[in-house]
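# Secondary and tertiary structure notes
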Amino acid sequence: MTAPDPASYSHDTLFSGRIRLIQRARGHRAGTDAVLLATALAPPRGERIADFGAGSGAVGLMALHEATDCRLVMIEREKELADLCRLNAIANGCASRNLVVCADLLAGPALDHASMDRVYTNPPFFEPDEAEVSPEPGRARAHVTLVGGHALWLGAAIRCLRPRGHLALIQRADKLDSCLAALVPRMGAIVVTPVLPRAGAPATRILITAIKGARTPLRINPPLVLHGDDGRFTARTEALHRGESAHFGWAA
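For the structure given in this document, a descriptive report is provided here. Keep in mind the model is a prediction, meaning the values are calculated, not measured. Position numbers for residues count from 1 along each chain, tracking the sequence in the order it is written. In keeping with the predicted nature of the model, local features appear solely for residues at pLDDT of at least 70, side-chain atom pairs appear and are counted solely at 80 or more, and the whole-chain, interface and lining totals rest on all residues. Hydrogens and waters are ignored; side-chain quantities use all the structure's heavy atoms.

## A few points about the overall build of the protein
We count it as follows: Only DSSP runs of H or I reaching four residues or more are called helices, and only runs of E reaching two or more are called strands; each is numbered from the N terminus. Here a residue-residue contact requires only that any non-hydrogen atoms of the pair lie within 4.5 Å. In short, Shrake-Rupley with a 1.4 Å probe defines the accessible areas, and a residue's cover is counted only from the protein chains shown.
Broken down by element type, the protein carries seven helices and eleven strands. In the protein, once contacts between residues fewer than 6 apart in sequence are set aside, the share between residues at least 24 apart is 70%. Accessible surface, the protein as shown: approximately 11,600 Å² in total, 54% of it carbon and sulfur.

Right under this line is the structure:
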């Protein structure tokens, strides 16, 4: 593991400075999607948590922040990003509770069957030919998967969950049908929260939580509105970005 080149990386903070994050200065960076995903579920003590497609580790570190005595596994296929996950775990004093696995989730099982209590994931948004690919290589790799990759990705997440284990995922709103198609055969208690950039606008994201093997019917939450008329975060969204503990589990 090598130290990051200062010219290529930025040193940022999350949750009002309580989490330190080294990440790429350009390309795919942690933002509101990561915050919403990490705060969607509130893990109790002692659970095994996985961050699928961890990037630099932002989602896992935010989820672990409120999860006393939990253990975290970050799975990331790019070695450079996997190294950042390790550095960020050290920087946040949780390396002893964190395991980084450098593996391609679409190439085969990366974790043992039924080994995780909770999985957080932001799957790639697109399959080939669904959208114009970003000219920035890191962003392109984060946003585009192979044909059929979306179902494979979610299938891998479901496989590693124990019975009654919890899944949280964030995706583009227009991917709701493919998300539900992958989840419904094995997951229940599905809760869908539309995420709107501002009141009255169409949803741009969906936040989904689900429980493996549950039989509770699907529920659609009231939408989360990110910005007010003044362009600033709404009070609720601002509280999520601050990592206020009372707001963990807001989407479940």
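## Quick notes on the packing of aromatic side chains
For the record, the criterion: Note on aromatic pairs: the rings of Phe, Tyr and Trp (six-membered ring only in Trp) are paired at centre separations within 6.5 Å, and the planes decide the class, stacked below 30 degrees, edge-to-face beyond 60, tilted for the rest.
This structure, assessed with the given rule, holds one aromatic pair. Both rings, one in Phe-15 and one in Phe-248, keep their centres 5.9 Å apart while their planes meet at 80°; by these two values the pair is edge-to-face. Within this pair, whereas Phe-15 is found in the loop between strand S1 (9-14) and strand S2 (19-24), its partner Phe-248 is found in the segment after helix H7 (235-242), the two being separated by 233 residues in sequence.

## Description of empty space enclosed by the protein
Basically, it comes down to this: With a 1 Å grid spanning the protein atoms alone, the term cavity applies to any set of points in which a 1.4 Å probe fits but cannot get out, the term pocket to an open set with protein on both sides within 12 Å along at least five of seven lines, and the term lining residue to any residue with an atom within 4 Å of a point. Grid points are joined across faces, edges and corners, and a volume is the space filled by probe spheres set on the points.
Evaluated as defined, the whole model comprises one cavity of 30 Å³ or more. Computed from the structure, the largest cavity encloses a volume of approximately 50 Å³. Lining the largest cavity are Phe-52, Leu-105, Gly-108, Pro-109, Ala-110, Leu-111, Ala-156, Arg-159 and Cys-160. By residue number, the principal contributor to the lining of the largest cavity is helix H5 (residues 149-160), which donates three residues.

## Observations concerning the packing of helix H1 (residues 32-39) against helix H2 (residues 58-65)
Relative orientation and spacing of two packed helices are given, respectively, by the angle between their axes and the distance between those axes. We apply this condition: Helix axes use the C-alpha atoms of the stretch in contact, all axes being lines fitted to C-alpha atoms, and the angles between their N-to-C directions lie in the range 0 to 180 degrees. Each angle is binned into one of four classes, with values under 35 degrees roughly parallel, values over 145 roughly antiparallel, values of 65 to 115 roughly perpendicular, and all other values oblique. Two helices that cross are described as forming a left-handed crossing if the nearer one is turned anticlockwise from the farther one by less than a right angle, and a right-handed crossing if clockwise. Throughout this entry, Asp, Glu, Lys and Arg are counted as charged residues, while Ala, Val, Leu, Ile, Met, Phe, Trp, Tyr, Cys and Pro are counted as nonpolar. The remaining residues, Gly among them, count as polar.
At a closest axis distance of 8 Å, the pairing of H1 and H2 adopts a crossing angle of 40°. The angle between the axes of H1 and H2 places the two elements in the oblique class. Between H1 and H2 lies a crossing of right-handed hand. On the side of H1, the interface is formed by Ala-34, Val-35, Leu-37 and Ala-38, while H2 contributes Val-59, Met-62 and Ala-63. The residue inventory of the contact of H1 with H2, partitioned by class, reads seven nonpolar, no polar and no charged.

## A closer look at the environment of Ala-107
Operational definition: Categorising residues by exposure relies on relative accessible area from a 1.4 Å probe, with only protein chains included: less than 20% of the type maximum marks a residue as buried, more than 50% marks it as exposed, and the intermediate range marks it as partly exposed.
For Ala-107, the location among the structural elements is in the loop between strand S5 (98-102) and strand S6 (116-121). Its relative accessible area of 66% is what places Ala-107 among the exposed residues. Separated by 46 residues in sequence, Ala-107 and Trp-153 have C-alpha atoms that sit 9.8 Å apart.

## Observations concerning the side chain of Asn-221
The test is simple: Polar contacts, as used here, are pairs of N or O atoms within 3.5 Å; protein pairs need one atom able to donate a hydrogen and one able to accept it. Residues neighboring in sequence count only if both atoms are side-chain atoms.
Examined against the element boundaries, Asn-221 turns out to sit in the loop between strand S10 (219-220) and strand S11 (224-227). Assessed through its relative accessible area of 13%, Asn-221 is described here as buried. Engagement of the side chain of Asn-221 in a polar contact is seen with the side chain of Thr-193, the distance being 3.0 Å. Within polar-contact distance, the side chain of Asn-221 engages the side chain of Arg-219 at 3.2 Å. In this structure Asn-221 touches Val-191, Val-192, Thr-193, Pro-194, Trp-250 and Ala-251, once residues within four positions along its chain are discounted.

## Describing the pairing of S2
Applicable threshold: Only strands joined by at least two bridges in the DSSP assignment are considered to pair.
Among the six residues of S2, five are classified as buried, and the element is accordingly described as predominantly covered. Looking at chain direction, S1 and S2 are connected through six bridges and run antiparallel. Across the sheet, residue His-11 finds its bridge partner in S2, namely Ile-22. Counted between consecutive antiparallel strands, the loop separating S1 from S2 contains four residues, among which Phe-15 sits at a positive phi close to 55°.

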